[in-house]
2 protein chains.
Amino acid sequence: MMDAIEALLTRKSVRSFTDKPLTEEQIEQLLKVMVAAPSGGNRQPWRIIVVQNQQVKDELAKAALDQHFIATAPVIFAVCRAPEESAARYRDLGRNLYSFQDTAAMTENLLVAAHAMGLGGCWVGAFKDKEVSQILECPPDVYPVALIPIGFPAKVKGKPQRRPMKEVVRFIR
Amino acid sequence: MMDAIEALLTRKSVRSFTDKPLTEEQIEQLLKVMVAAPSGGNRQPWRIIVVQNQQVKDELAKAALDQHFIATAPVIFAVCRAPEESAARYRDLGRNLYSFQDTAAMTENLLVAAHAMGLGGCWVGAFKDKEVSQILECPPDVYPVALIPIGFPAKVKGKPQRRPMKEVVRFIR
């Protein structure tokens, strides 16, 4: 158990994992938290592909510009957007904005939950879209937007510093 | 104190608020959690405008397609993306993807933290972009992507149901 505020404040990227696999219960818990994310009009324009196959993990790492650490995690969660499911109600706003935001909220939920459960992960957003779609056998209108390797942390680095608040926050009182 | 997993699972949209204002400490805590969100390359391509002025809140509600409940919250957090700050390193990928994802992760952090603190809020993504930019006096290259009214919940509705897991999750073992 970890306090929610503490989990949000102390979550950080983990890129080095032990060999210990996740349990089925852990994967199920993470999936529940992921789909608990909000989405515009509750359209849930998302797909999750849980990759545990080593060969497929290796292929994903290669398609992610050779970020090999990805393939060393026991599980990679591939988050995809299904923009037409949001566009059906919200047209371009759903297609071009909400489907990105909703899947990002889902990804953040995954990372915070993993951290709270003693796991760790990293949001990987740099990859060759078409290659990843092919590897994951995504149907038409389903597009990968994030690859998130999750596992037990081996090495943990510090959390990178944030800019001073006054640079990014303004008050209208 | 609320357990992180519980907070992630039970967060839900709140659209009805009491008159009770947030304390300065609560606002500060929420801001800290917001900027603790991950961002591509730690670029932090975001701005937060904390709106407590009633006239400005009313103008925002009007620009948000007359969603008047927004103006009844003691605070509206306006989240903006600063795409060029991500594009400086990642070009179009930063501009068109990461700046949306990073600000969405920040927004989800805000909503989860608010819920854990006994507050509530709602992710408002439908508004007239240019009007909101004018109201908030956004500089060039800073674009509002979410308005999040936050306050003490008055009425709380149930959390809308999620689609069955098998509709959205697939395993590659």
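Given the structure is predicted, the values throughout are model-derived calculations rather than measurements.

Scanning chain A for helices and strands turns up 6 helices and 5 strands. Put simply, chain A runs from its N terminus to its C terminus through helices and strands in the order α-α-β-α-β-α-β-α-β-α-β. For 173 residues, the compact-globule estimate of 2.2 N^0.38 gives 16 Å, and the C-alpha radius of gyration of chain A, at 17 Å, lies within 12% of that figure. C-alpha extents for chain A along the principal axes are approximately 45 × 45 × 30 Å. Within chain A, the proportion of its 173 residues that are buried is 51%. Contacts in chain A between residues at least 24 apart in sequence constitute 76% of all its contacts with a sequence separation of at least 6.

With mixed pairing, 5 strands are arranged side by side in an open sheet as β5(A)-β1(B)-β2(B)-β4(B)-β3(B). Edge positions in the sheet fall to β5 (169-172) of chain A together with β3 (120-121) of chain B, since each of these pairs with one other strand and no more. Summarising the sheet, β3 of chain B and strand β4 (residues 143-151) of chain B pair through 2 bridges and their orientation is antiparallel. Paired with Gly 121 of chain B across the two strands is Ile 150 of chain B, which belongs to β4 of chain B.

In this section: the relation of the copies chain B and chain A. Superposing chain B onto chain A takes a rotation of 180° plus a shift of 0.0 Å along the axis, which leaves an RMSD of 0.0 Å. Overall, the copies show the geometry of a two-fold rotation axis. Closest to the rotation axis within chain B is the C-alpha of Ala 4 of chain B, separated from it by 1.8 Å. Of the interface residues in chain B, 100% have counterparts in chain A that sit at the interface too, so the contact is made through matching surfaces.

Now for the interface of chain B and chain A. In this assembly, 56 residues from chain B lie in contact with 56 residues from chain A. Mapped by element, the contributors of at least two residues to the side of chain B that touches chain A are α1 (4-10), α2 (24-35), β1 (46-51), α4 (83-116), α6 (165-168) and β5 (169-172) of chain B. A total of 13 residues in the side of chain B that touches chain A trace back to one element, the largest contributor, which is α4 of chain B. Class assignment of the residues belonging to the side of chain B that touches chain A gives a composition of 37 nonpolar, 10 polar and 9 charged.

Attention now moves to the confidence of the model for chain A. Per-residue confidence for chain A averages 98 on the pLDDT scale, and 100% of its residues sit at or above 70. Confidence metrics for the complex model read pTM 0.99 and ipTM 0.98.

With that out of the way, let us pick up the environment of Leu 93 of chain A. Residue and element names in this part refer to chain A. Within the secondary structure layout, Leu 93 lies in helix α4 (residues 83-116). The exposure class assigned to Leu 93 is partly exposed, which follows from the 16 C-beta atoms found within 10 Å. In the structure, Leu 93 is positioned 51 residues away from Pro 144 in sequence and 19 Å away in space, judged by C-alpha atoms.

Attention now goes to the nonpolar core. Inside soluble globular proteins, nonpolar side chains tend to come together where they are buried. Ala 113 and Ile 148 of chain A together with Ala 113 and Ile 148 of chain B are the most contacted members of the largest nonpolar core, which totals 120 residues. Setting aside anything within four residues of it in sequence, one finds Ala 113 of chain B in contact with Ala 4, Ile 5 and Leu 8 of chain A together with Leu 30 and Val 33 of chain B.

This next bit is on the packing of helix α2 (residues 24-35) of chain A against α4 of chain A. Residues and elements named next belong to chain A. Where α2 contacts α4, the two axes come as close as 8 Å, and the packing angle between them is 140°. The orientation of α2 relative to α4 falls into the category oblique. Between α2 and α4 lies a crossing whose hand is right-handed. Contact residues: Leu 30, Val 33 and Met 34 in α2; Met 106, Asn 109, Leu 110, Ala 113 and Ala 114 in α4. Among the residues forming the contact of α2 with α4, the class breakdown is 7 nonpolar, 1 polar and no charged.

On to the sheet that holds strand β2 (residues 75-81) of chain A, then. Strands sit in the order β3(A)-β4(A)-β2(A)-β1(A)-β5(B) across an open sheet of 5 strands; the sheet is mixed. Single-partner strands in this sheet number two, and they are β3 (120-121) of chain A together with β5 of chain B. Along the sheet, helix α3 (residues 54-63) of chain A makes contact with β1 (46-51), β2 and β4 (143-151) of chain A together with β5 of chain B, crossing β1 of chain A at roughly 120°. On top of the sheet, helix α5 (residues 129-136) of chain A reaches β1, β2 and β4 of chain A; it is set at about 70° to β4 of chain A, its chief contact.

Here we come to the environment of Glu 59 of chain A. With respect to the helices and strands, the residue Glu 59 of chain A is situated in helix α3. In this structure, the C-alpha to C-alpha distance between Glu 59 of chain A and Asp 129 of chain A, residues 70 residues apart in sequence, is 13 Å.

Residue and element names in this part refer to chain B. By the criterion of burial, β4 is predominantly enclosed, with 8 of the 9 residues buried. In terms of strand pairing, strand β2 (residues 75-81) meets β4 through 7 bridges, oriented antiparallel. Across the sheet, residue Cys 80 finds its bridge partner in β4, namely Pro 144.

Here we come to α2 of chain B. Helix length check: α2 of chain B, at 12 residues, gives a terminal C-alpha distance of 17 Å against a target of 16 Å (1.5 Å per residue), a fit within 8%. Of the positions making up α2 of chain B, those classed as buried are Leu 30, Val 33, Met 34 and Val 35 of chain B. On its buried face, α2 of chain B is in contact with α1 (4-10) and α6 (165-168) of chain A together with β1 and α4 of chain B.

Reading guide: rules and limits
- Residues numbered from 1 in each chain as written.
- Chains lettered and ligands numbered in written order.
- Predicted model: local features only at pLDDT ≥ 70, side-chain atom pairs only at ≥ 80, totals over all residues.
- Helix = DSSP H or I, 4+ residues; strand = E, 2+ residues; numbered from the N terminus.
- Rg over C-alpha atoms; globule rule 2.2 N^0.38 Å.
- Buried ≥ 20, exposed ≤ 12 C-beta atoms within 10 Å, placed from the backbone.
- Contact = placed C-beta atoms within 7 Å.
- Pairing = 2+ DSSP bridges.
- Least-squares fit on C-alpha atoms with pLDDT ≥ 70 in both.
- Nonpolar A, V, L, I, M, F, W, Y, C, P; charged D, E, K, R; others polar.
- pLDDT = per-residue confidence, 0-100.
- Core = buried A, V, L, I, M, F, W, Y, C linked by C-beta atoms within 7 Å.
- Axes fitted to C-alpha atoms, helices over the stretch in contact; angles between N-to-C directions.
- Parallel < 35°, antiparallel > 145°, perpendicular 65-115°, else oblique.
- Left-handed = near helix turned anticlockwise from the far one by under 90°.
- Expected span 1.5 Å × (residues − 1).

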